[in-house]
Amino acid sequence: MPGRAPLGGPLLSHDFVEAALMAKSGWEVWFVPSLSGSYEEVPPTLIDDLKRDRRWAQGNLQHLRLLAGEGLRPAHRFLFINGAMSFLAAPLWGIFLILGALGSLHWANTANNGSTTLFDWSWLADPMPFWLFGVTIILLLSPKFMAVLWVMHQRGQKEHFGGLFNLLASMFFESLFSILMAPIRMAFHSQFVIQTLMGRGVHWGGQVRGDQETSWADAFRYFGWYSALGLSLAALLYPFLGLWHFVWLVPILGGLTAAVPIAAWTSRPVLGRWARRHRLFVIPEEVRVPPELQALSADSVAYLPHIEGDPFIQVVVDPRFNAIHTALQRNRTGAWPRAANLCHKALEQGPQELNNRERNILLSDRNSMLALHRAVWSTADRVRLAAWGLQSDERKLTDV
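None of the values given here were measured: they were computed from a predicted structure.

A. Region of interest: the overall build of the protein. Secondary structure assignment for the protein yields 17 helices and zero strands. Looking at the 400 residues of the protein, the share that counts as buried comes to 35%. Long-range pairs, those at least 24 residues apart, make up 73% of the contacts in the protein with a sequence separation of at least 6. Summed over its atoms, the accessible surface of the protein is roughly 24,800 Å², and 64% of this surface lies on carbon and sulfur atoms.

The structure is reproduced here in structure tokens:
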């Protein structure tokens, strides 16, 4: 894109742009409703999920500059607007809530002649809140109920989702978490929009997909302000609104107030494993494992080590990851003198002594990653092997 980032420069959401340019050149572009044999996990924590949303927010707002492009089809212009509105709707919703709260304050004071009553039943005479609540619930939950009905209609599909009871329970808990997370996302998405429009951009970095946990310290660092905001608003509004008017704001203020524990608890792998044991939130690929995933544990690769944790160590040690990664890199001959010293440092002192910048230098150079891989698998030093997550008896099992 012409101009400087964040609204110019590299496009961070490029797939719809590519589709629009292909259609402009005369090709047909189709959505694939069900692509079998391809799997991608969502980010494991709320922090990582919001980091991805930050990049998408910038990319989708960049699309607004493409609306005036010549030759684009109306459907793609609509998709550009729809993508941008998925983030612009957050500050609009925030403004709507603020105005709604101010309107409720005015309505409550007017109805009570300036005094507040804890149990004020006069609000029951106004059907508008119930209509708004009903329409909102229908819009939010009807697609989920239709999905459950579709699963019930398909013979034998209920068991692939844990059974009908577990499927309904999963839908209920997922809806509850979605309601609680909605105000958190609203606050962060509003922040992302403001930052982008103020010229503060981000770059597309590597995405985390392995098991990660958000510590309480990180949860407070990232979400503490939002929990404090929720508590402050609740303490400020409750005395003026009274109990029954305040109830309508509980999902919003409750989600903000619970931001810290939600961020910490939803990152716990132990809770995910507990839910899977009880067949909650399961998908067909977990009940009936497809051949692509079965192949990962086939006898042909059973001898390979299973390394968890540090992604850098995984890419260096695991032959599969290393082969894929190096195939996507190029030889950076100009960086080799510095990279060679970093390879020596990694082998002598261990990968934990490399900072993120040093790791990125090695990751971006094909020769460095191949050299590190061969060196790790060639060493007989038990201490070095342990630093790379290997046991001494695993070194001789694989000829790489």
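From this point on, the discussion continues.
B. Region of interest: helix H13 (residues 319-327). Looking at H13, one finds that the buried residues are Pro-319, Asn-322, His-325 and Thr-326. Projected down its long axis, H13 shows its buried positions confined to an angular sector of 135°, all on one face. Turned more than 90 degrees away from the buried face of H13 sit Ile-324 and Ala-327, all of them exposed. Contact partners of the buried residues in H13: helix H12 (311-317), helix H15 (356-363) and helix H16 (366-378).

C. Main features of the environment of Ile-47. Here Ile-47 shows up in helix H2 (residues 46-62). Here Ile-47 falls in the buried class, since its relative accessible area comes to 10%. Expressed as a C-alpha distance, the spacing of Ile-47 and Phe-223, which sit 176 residues apart in the sequence, is 9.2 Å. Excluding its chain neighbours within four sequence positions, the residues that come into contact with Ile-47 are Thr-214, Asp-218, Tyr-222 and Phe-223.

D. The packing of helix H5 (residues 164-197) against helix H6 (residues 216-246), seen in detail. It is the contact of H5 with H6, at a shortest axis distance of 11 Å, that shows an interaxial angle of 105°. When the axes of H5 and H6 are compared, the pair comes out roughly perpendicular. Along its contact with H5, which presents Ile-184, Ala-187, Phe-188 and Gln-191, the element H6 presents Tyr-222, Phe-223 and Tyr-226. Of the residues assigned to the contact of H5 with H6, the class counts are six nonpolar, one polar and no charged.

E. Seen up close, the nonpolar core. Counting 22 residues, the largest nonpolar core has Leu-46, Leu-50, Ile-184, Phe-188, Phe-223 and Tyr-226 as its most contacted members. Contributions of two or more residues to this core are made by H2, helix H3 (74-111), H5, H6 and helix H8 (259-265). Residue contributions to this core peak at six residues, all from H5. Other than its neighbours up to four places away in sequence, Leu-46 contacts Met-181, Ile-184, Arg-185, Phe-223, Ile-262 and Ala-263. Phe-312, Leu-362, Val-376 and Trp-377 belong to the second-largest nonpolar core, a separate cluster that totals 19 residues.

F. Highlighting the confidence of the model for the protein. Taken as a whole, the protein shows an average pLDDT of 83; of its residues, 86% reach a score of 70 or greater. Predicted confidence for residues 299-303 stays below pLDDT 50, and this span has five contacts to residues more than four positions away or in other chains. pLDDT under 50 marks residues 393-400. Its contacts with residues more than four places away, or in other chains, come to 16 contacts.

G. Highlighting the pattern of salt bridges. On inspection of all chains with the given rule, the structure shows eleven salt bridges. The partner of Glu-174 in a salt bridge is Lys-144, and the shortest N-O contact between them spans 2.7 Å. Of this pair, Glu-174 sits in helix H5 while Lys-144 sits in helix H4 (residues 128-153), placing them 30 residues apart in sequence. Since its relative accessible area comes to 23%, Lys-144 is described here as partly exposed.

H. Representation of a nonpolar patch on the surface within the structure. A surface patch of nonpolar side chains, about 670 Å² in accessible area, is lined by Ile-81, Met-85, Leu-92, Ile-95, Ile-98, Leu-99 and Leu-102. Looking at where Leu-102 falls in the secondary structure, it is placed in helix H3.

I. Just the packing of aromatic side chains, in detail. Under the defined criterion, the tally for this structure stands at eight aromatic pairs. Aromatic side chains Phe-188 and Phe-192 sit 6.1 Å apart centroid to centroid with 55° between the ring planes, which places their arrangement in the tilted category. Highlighted residues: Phe-188 and Phe-192, both in helix H5, separated by four residues, approximately one helical turn. Both residues of the pair, Phe-188 and Phe-192, belong to the buried class.

J. Quick peek at the side chain of Arg-359. If you trace the backbone, Arg-359 turns up in helix H15. Given the relative accessible area of 13%, Arg-359 is considered buried.

K. The arrangement of unusual backbone geometry in detail. A cis amide bond, omega 15°, links Ala-5 with the succeeding residue Pro-6. By the element assignment, Pro-6 lies in the segment before helix H1 (15-24). At Arg-279, a residue that is not glycine, the phi angle is positive and equals roughly 60°. Here Arg-279 is to be found in the loop between helix H9 (269-277) and helix H10 (284-287). The phi dihedral of Phe-281 is positive, around 65°, even though this residue is not glycine. Here Phe-281 lies in the loop between H9 and H10.

L. Molecular detail of the packing of H2 against H5. Across the interface, H2 lies against H5 with an axial gap of 10 Å and an inter-helix angle of 45°. The orientation of H2 with respect to H5, classified from their angle, is oblique. Crossing of H2 over H5 shows right-handed handedness. Of H5, the residues touching H2 (which contributes Leu-46, Asp-49, Leu-50, Asp-53, Arg-54, Ala-57, Gln-58 and Leu-61) are Met-181, Ile-184, Arg-185, Phe-188, His-189, Phe-192, Val-193, Gln-195 and Thr-196.

Cut-offs and rules
- Residues numbered from 1 in each chain as written.
- Predicted model: local features only at pLDDT ≥ 70, side-chain atom pairs only at ≥ 80, totals over all residues.
- Heavy atoms only, no water.
- Helix = DSSP H or I, 4+ residues; strand = E, 2+ residues; numbered from the N terminus.
- Buried < 20%, exposed > 50% of the residue type's maximum accessible area, 1.4 Å probe, protein only.
- Contact = heavy atoms within 4.5 Å.
- Areas by Shrake-Rupley, 256 points an atom, 1.4 Å probe, with all protein chains shown as cover.
- Arc of directions from axis to C-beta.
- Axes fitted to C-alpha atoms, helices over the stretch in contact; angles between N-to-C directions.
- Parallel < 35°, antiparallel > 145°, perpendicular 65-115°, else oblique.
- Nonpolar A, V, L, I, M, F, W, Y, C, P; charged D, E, K, R; others polar.
- Core = buried A, V, L, I, M, F, W, Y, C linked by side-chain atoms within 4.5 Å.
- pLDDT = per-residue confidence, 0-100.
- Salt bridge = Lys/Arg side-chain N within 4 Å of Asp/Glu carboxyl O.
- Patch = residues over 30% accessible without salt bridge, like charges linked within 9 Å, V, L, I, M, F, W, Y side chains within 5 Å.
- Phe/Tyr/Trp six-rings, centres within 6.5 Å; stacked < 30°, edge-to-face > 60°.
- Left-handed = near helix turned anticlockwise from the far one by under 90°.

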